[in-house]
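Here are the chains, one letter per residue:
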Amino acid sequence: MGDRGHREMSKRDRAVERTPEPESGPTRARHKVGEDTFRLASGYSPTIGVLGTVVSLVHVLGNLSDPDSLGPAISIAFLATLMGVGFANFVALPIATRLKQQSGWEVQLRHMTIEGILSIQKGDNPRMVAEKLLTYLPPKQRDSVTLPGAPKLSAVEDKKAA
């Protein structure tokens, strides 16, 4: 029975280990659609702005007989380029970057969760499970984590300081 139980545990371990891969593929693909949309918008918006400038300048050339309207018309023409470049750099690119960052965090959280489940299934010491999972956090955030009834987990840094 012990051998059979061990094999069943191994099958479950393998099933849990395979879980993040099929999940993270579609998740990344779904997130990439949103990211790509904004990244493409950041590429096309300056072009659309320049197109607006060209159309406005053609309109200006049609009204050369009225010199008083040239200044405002030309400024509006160049404002189209500024709007296109501004939208690309201050709206679309930051959104695309943030979506990519959020997607990475979600996939990392999924892998961390599976790592914790596998460690618990193996019967690892809870303190070791916590140490293993804390490696997913940046060092500055690790220092702020304390487990109830446990000393601070930054023992490695404490040894270096001593």
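Residues numbered from 1 in each chain as written. Predicted model: local features only at pLDDT ≥ 70, side-chain atom pairs only at ≥ 80, totals over all residues. Heavy atoms only, no water.

S.K.: Looking at this structure, I do not really get the environment of histidine 59. What am I missing?
M.R.: Within the secondary structure, histidine 59 is located in helix H2 (residues 20–62). With 11 residues separating them along the chain, histidine 59 and leucine 70 place their C-alpha atoms 9.9 Å apart. A polar atom in the side chain of histidine 59 sits 3.3 Å from the side chain of asparagine 63. (Helix = DSSP H or I, 4+ residues; strand = E, 2+ residues; numbered from the N terminus. Polar contact = N/O pair within 3.5 Å; in protein donor to acceptor, adjacent residues only side chain to side chain.)

S.K.: Quick question: what am I supposed to make of helix H3 (residues 70–122) here?
M.R.: Because the α-helix completes a turn every 3.6 residues, residues three or four places apart line up on one side. Given a rise of 1.5 Å per residue, 53 residues ought to cover 78 Å, and the 77 Å separating the end C-alpha atoms of H3 matches this to within 8%. The axis of H3 is deflected most strongly, by about 35°, at alanine 88. (Expected span 1.5 Å × (residues − 1). Bend = angle between axes of the 7 residues up to and from the residue.)

S.K.: Looking at this structure, how should I read the pattern of salt bridges?
M.R.: Close approach of charged atoms lets side chains of opposite charge pair. A full pass over the atoms with the stated rule returns 4 salt bridges. A salt bridge links lysine 32 to aspartate 36; the nearest nitrogen and oxygen atoms lie 3.2 Å apart. Highlighted residues: lysine 32 and aspartate 36, both in helix H2, separated by 4 residues, approximately one helical turn. Lysine 32 gets classed as partly exposed once you look at its relative accessible area, which sits at 44%. On the accessibility criterion, aspartate 36 (30% relative accessible area) is partly exposed. (Salt bridge = Lys/Arg side-chain N within 4 Å of Asp/Glu carboxyl O. Buried < 20%, exposed > 50% of the residue type's maximum accessible area, 1.4 Å probe, protein only.)

S.K.: Where do I start with the packing of H3 against helix H4 (residues 126–134) in this structure?
M.R.: The geometry of H3 relative to H4 is characterised by a closest axis approach of 10 Å and an angle of 160° between their N-to-C directions. Overall, the two elements H3 and H4 adopt an arrangement that is roughly antiparallel. Along this stretch, H3 crosses H4, giving a crossing that reads as right-handed. For the pair H3 and H4, the contacting residues are Met112, Glu115, Gly116 and Ser119 in the first and Val129, Lys132 and Leu133 in the second. Split by residue class, the contact of H3 with H4 holds 3 nonpolar, 2 polar and 2 charged. (Axes fitted to C-alpha atoms, helices over the stretch in contact; angles between N-to-C directions. Parallel < 35°, antiparallel > 145°, perpendicular 65-115°, else oblique. Left-handed = near helix turned anticlockwise from the far one by under 90°. Contact = heavy atoms within 4.5 Å. Nonpolar A, V, L, I, M, F, W, Y, C, P; charged D, E, K, R; others polar.)

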